[in-house]
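Residue-level structure breakdown
In case you want the letters, here they are:
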Amino acid sequence: MADPEIKSYAPHHESQSPAVTESRTARTVLMIVTFAFLGIFLLLPLIIVFKEAFAKGIEAYTQALSEPDTRSAIRLTLLVAAISVPLNVTFGISAAWAIAKFEFKGKAFLTTLIDLPFSVSPVISGLVYVLLFGAQGLLGAWLKAHGIVILFAVPGIVLATVFVTFPFVARELIPLMQEQGNGDEEAALSLGANGWQAFWYVTLPNVKWGLLYGVLLCNARAMGEFGAVSVVSGHIRGLTNTMPLHVEILYNEYNAAAAFAVASLLAGLALVTLVLKTLLEMRYGAEIAATRGH
Amino acid sequence: MEVRVANVRKEFERFPALRDVSLDIKSGELIALLGPSGSGKTTLLRLIAGLERPTRGKIFFGEEDASQKSIQERNVGFVFQHYALFRHMTVADNIGFGLKVRHGPSRPSAKEIRRRASELLNLVQLSGLEKRYPAQLSGGQRQRVALARAMAIEPAVLLLDEPFGALDAQVRRELRRWLRDIHDATGHTTVFVTHDQEEALELADRVVVMSQGRIEQVGTADEIYDTPNSPFVYGFIGESSSLPVKVEDGQVWIADRPIGLSAPHAPQGEATLFFRPHDVDLVEECNGCIAGTVAASRRVAGTRRVELEIGGERQRVEIELPVDHPAAQKTRVAFRPRRWKLFPAA
Ligand SMILES: Nc1ncnc2c1ncn2[C@@H]1O[C@H](COP(=O)(O)OP(=O)(O)OP(=O)(O)O)[C@@H](O)[C@H]1O
Ligand SMILES: [Mg+2]
């Protein structure tokens, strides 16, 4: 009876407290479940994406990617990311700065508001823009009168993407800046630096790894967003299709090889992001407050 | 540079951290702000620096009203309690920072900045550590780099918040002497915060004792120690014993017995008697003395401390005896304070 008990407290689990050390069988079962789950739901699909993409050979793969509509979708995705990521970096830094370094009324509310895009379905985010800018929308008539096109065009896609990605940078920086406090900035000011110099020479270097991490996640989401963009894009081939939308169209047309070819690019992006993220965490884990779930 | 704090009040969301504080700091003086936690020392220091604005009152640098000036314009060297060194910059870059961020002709060349940094490192006895990062320094070394960085801008006033607070006792004592030397060599008007009275009394030209947002007493170490002007200062600085007493007919009484101390000028009525445990005369037979039974006794280095219970109220006081004094063995000890002070009961 006592034997398995003793084994489970063997010295090589010293770092765990005995109270949480499960018996060996329980641990094995948990590990198997976890790995099986990860394998079936994450790894397998990824493998299938690449397998399908190359099912008809390298030639078909490159051809699928050089098709004009596909190239246009890639270009649009890059453009959208190129606009929305810098916007959200600016917003994220300002919001984090305000929340971490100043006391003001409504701070808790602002913090909650920043998380809104995480808690609301992306489709709803898209619909909000339709309600705002659509022909029947709040500003629709005014926009039409002034010849401004937002919906079913690039501006709408950018807006929707900005909306769904805006928590990433801010959420990364807020805890980091809060933890660092005002001390370094006050030191810089006392040495004669103006606000901008304090930011550039002191604040920014202090949060650079967290910022990079946030940018990485923000970029991955900006390129991969489907729901919100789908609602506002209008799916005009060669014009308002981003990569994720294009994948869906190709797939619906039973063009599986091309669909998976484009999908493999997105999957590749995800993998690169993951690797960079892991590297960053390994190297600068302490600086990146990595306790929040993304 | 002279600094004058005039009737300053500082509230944080209505909580008064400082209430009507006035203080004249002489040019070239080394002055300590001493007080228990929460007494407003840091707040006063930050107000002088310009990191906070007073709710009321003014702060003068020389003849000039500095109250409305920003921290940059005040040109103060501030050493933070936890140093606040820029962790991504080398020691040399940290020290040169204040010069690098200057504008126009007052900004020295990069070469000149490096030279100044080395010179200051030399002053703080850290030559050769230019290329290190703060994380690669010991606590005491960081402290010195922080001081060098603050001095690089040739500040009008040097302000230090618990400069040795985070260091162990040994290093503290070393740096204390060293700070005194640096101060004597450079002559900066210097204000430092501490809650270590030994540090304040040993190091400072004058000590400012603070409590609950007020200045209790300002004076040299001797003045503060020998003539405390309030029960708080008596209790806070050095060791003290106190007893509730009564003043009548110019005599000090405990219960219904005079204790042989005459106080012709003290107001009649309830009062508290303060004295130092080591400042007592033992007396053999008691006609006019304080007598009590030994309740506890402990050895403190070269002396013995005994705790006496006095009178029916069993008030406890501590006095000091030579280790080999016969009285230390007795259960009943009689004594009379040599130097003492009365404060009317609150
Ligand atoms: N930013 C602030 N907001 C609100 N209250 C504050 C703030 N700064 C200080 N206080 C309050 O003002 C009082 C004085 O604080 P201060 O920091 O000056 O004390 P101190 O004498 O430096 O104490 P310590 O020895 O613990 O550092 C304290 O009661 C503190 O809680
Ligand atoms: Mg303090």
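What you are looking at is a predicted structure, and each value in this text was computed from that prediction instead of being measured. (Residues numbered from 1 in each chain as written. Chains lettered and ligands numbered in written order. Predicted model: local features only at pLDDT ≥ 70, side-chain atom pairs only at ≥ 80, totals over all residues. Heavy atoms only, no water.)

**A look at the pairing of strand β8 (residues 189–194) of chain B**
All names here are of chain B. The element β8 is extensively covered by neighbouring structure, given that six of its six residues are classed as buried. On β8, burial covers both faces: T189, V191 and V193 on one face and T190, F192 and T194 on the other are all buried. Crossover handedness for the path strand β7 (residues 157–161) to helix α6 (residues 169–186) to β8: right-handed. (Buried < 20%, exposed > 50% of the residue type's maximum accessible area, 1.4 Å probe, protein only. Helix = DSSP H or I, 4+ residues; strand = E, 2+ residues; numbered from the N terminus. Right-handed = clockwise from strand over helix to strand, strands pointing away.)

**As for the site of ligand 1**
Residue and element names in this part refer to chain B. Residues in contact with ligand 1 amount to 13 residues; listed here are only the nearest, S37, G38, K41, T42 and T43. Between G40 and ligand 1, the recorded distance is 3.0 Å, taken from a backbone N or O atom to an oxygen atom. The side chain of K41 places a nitrogen or oxygen atom 2.7 Å from an oxygen atom of ligand 1. For ligand 1, the accessible surface in isolation is 630 Å², of which the surrounding protein chains cover 63%. Those elements that provide at least two residues to the shell around ligand 1 are β2 (15–25) and α1 (41–49). If one sorts the elements of the shell around ligand 1 by residue count, α1 sits on top with three residues. Residue composition of the shell around ligand 1, grouped by class: four nonpolar, seven polar and two charged. (Near = heavy atom within 4 Å. Polar contact = N/O pair within 3.5 Å; in protein donor to acceptor, adjacent residues only side chain to side chain. Areas by Shrake-Rupley, 256 points an atom, 1.4 Å probe, with all protein chains shown as cover. Nonpolar A, V, L, I, M, F, W, Y, C, P; charged D, E, K, R; others polar.)

**Overview of the nonpolar core**
All names here are of chain A. Of all hydrophobic cores here, the largest spans 46 residues; its most connected members are I93, I114, L173 and L211. Listing elements by their share of this core, those giving two or more residues are α4 (68–101), α6 (122–133), α8 (154–165), α9 (167–180), α11 (195–224), α12 (227–233) and α14 (256–284). Excluding its chain neighbours within four sequence positions, the residues that come into contact with L173 are G92, I93, A96, V207, G210 and L211. (Core = buried A, V, L, I, M, F, W, Y, C linked by side-chain atoms within 4.5 Å. Contact = heavy atoms within 4.5 Å.)

**What to know about empty space enclosed by the protein**
All names here are of chain B. Summed over all chains, the structure comprises one cavity of 30 Å³ or more. Roughly 30 Å³ of internal volume is contained in the largest cavity. Taken together, L158, L179, I182, H183, T186 and T190 form the lining of the largest cavity. The element that contributes the greatest number of residues to the lining of the largest cavity is α6, accounting for four residues. (1 Å grid on protein atoms, 1.4 Å probe; cavity = no way out; pocket = protein on both sides within 12 Å on 5 of 7 lines; lining within 4 Å. Points joined across faces, edges and corners; volume = space filled by probe spheres on them.)

**Quick word on the environment of A291(B)**
Residues and elements named next belong to chain B. Tracing the backbone shows A291 in strand β16 (residues 290–300). When the C-alpha positions of A291 and I237 are compared, they lie 25 Å apart, and in sequence the two are 54 residues distant. With near-sequence residues (within four places) excluded, A291 lies in contact with C286, E309, I310, G311, R332, V333 and A334.

**Points about the sheet that holds β8(B)**
Residue and element names in this part refer to chain B. With respect to topology, six strands assemble into an open sheet ordered β6-β7-β8-β3-β9-β10, the strand pairing being mixed. A strand with exactly one partner marks an edge of an open sheet, and here the two such strands are β6 (76–79) and β10 (214–219). When strand polarity is set aside, the average angle formed by the axes of neighbouring strands in this sheet is 15°. Where β7 and β8 come together, five bridges link them in parallel fashion. By the bridge assignment for β8, L159 is matched with V191. Here α1 sits on the sheet in contact with β3 (30–34), β6, β7, β8 and β9 (206–211), set at roughly 150° to β7. (Pairing = 2+ DSSP bridges. Axes fitted to C-alpha atoms, helices over the stretch in contact; angles between N-to-C directions.)

**Quick notes on the interface of chain B and chain A**
Opposite the 21 residues of chain B that make contact, chain A presents 17 residues. Between chain B and chain A, the buried area comes to about 1,700 Å², and carbon and sulfur atoms account for 60% of it. Counting the contacts that link chain B with chain A gives two salt bridges. Linking E186(A) and R46(B) is a salt bridge whose minimum nitrogen-to-oxygen distance equals 2.7 Å. Where chain B packs against chain A, one counts five residue pairs in polar contact (both at pLDDT 80 or more). Taken together, the elements giving at least two residues each to the side of chain B that touches chain A come down to α2 (71–74), β6, α3 (91–100) and α5 (139–151) of chain B. In terms of residue class, the side of chain B that touches chain A is built from 13 nonpolar, four polar and four charged. (Buried area = accessible area lost by both parts, 1.4 Å probe. Salt bridge = Lys/Arg side-chain N within 4 Å of Asp/Glu carboxyl O.)

**Here we look at the domain arrangement of chain A**
Residues and elements named next belong to chain A. Looking at chain A, the domain boundaries give domain 1 (1–53) and domain 2 (57–284). Relative to domain 2, the C-alpha centre of domain 1 lies at a distance of 35 Å. At the interface, five residues of domain 1 touch nine residues of domain 2. If you sort the residues of domain 1 by the area they bury against domain 2, V49, F50 and A53 come out on top, with a joint share of 65%. Counting the contacts that link domain 1 with domain 2 gives zero salt bridges. At the junction of domain 1 and domain 2, the tally comes to zero residue pairs in polar contact (both at pLDDT 80 or more). Partitioned by chemical class, the residues of the side of domain 1 that touches domain 2 number four nonpolar, no polar and one charged. (Domains from an automatic or database assignment.)

**Describing the pattern of salt bridges**
All names here are of chain B. What the rule picks out here adds up to 34 salt bridges over all chains. Ionic pairing is found between R116 and E119, a salt bridge with its closest N-O pair at 3.0 Å. With R116 and E119 both in helix α4 (residues 110–123) and three residues apart, this pair spans about one turn of that helix. We note a salt bridge from R316 to E309, for which the minimum N-O separation is 3.2 Å. With a relative accessible area of 16%, E309 lands in the buried category. What emerges from the salt-bridge pattern is a single network uniting R172, R176, D196, E198, E199 and E202.

**Quick look at the packing of aromatic side chains**
Tallied over the full model, the rule gives 19 aromatic pairs over all chains. Pairing Y201(A) with F97(B) gives two aromatic rings, centres 6.1 Å apart and planes at 90°, and the pair type is edge-to-face. In this pair, Y201(A) is assigned in helix α11 and F97(B) in helix α3, connecting two distinct chains. Overall, the relative accessible area of 26% leaves Y201(A) in the partly exposed class. Summarising the aromatic geometry, the rings of Y234(B) and F274(B) are spaced 5.1 Å apart at their centres and angled 25° between planes, so their arrangement reads as stacked. Residue Y234(B) is located in helix α9 (residues 231–236), and its partner F274(B) is located in strand β14 (residues 269–275); the two are separated by 40 residues in the primary sequence. Residue Y234(B) shares its accessibility class with F274(B), and that shared class is buried. Seen from the ring of F60(B), R4(B) lies directly overhead, with NZ or CZ sitting 4.5 Å from the centre. One residue, R149(B), lies across the ring of F86(B), its end atom 4.5 Å from the ring centre. (Phe/Tyr/Trp six-rings, centres within 6.5 Å; stacked < 30°, edge-to-face > 60°. Lys NZ or Arg CZ within 6 Å of the ring centre and 35° of its normal.)

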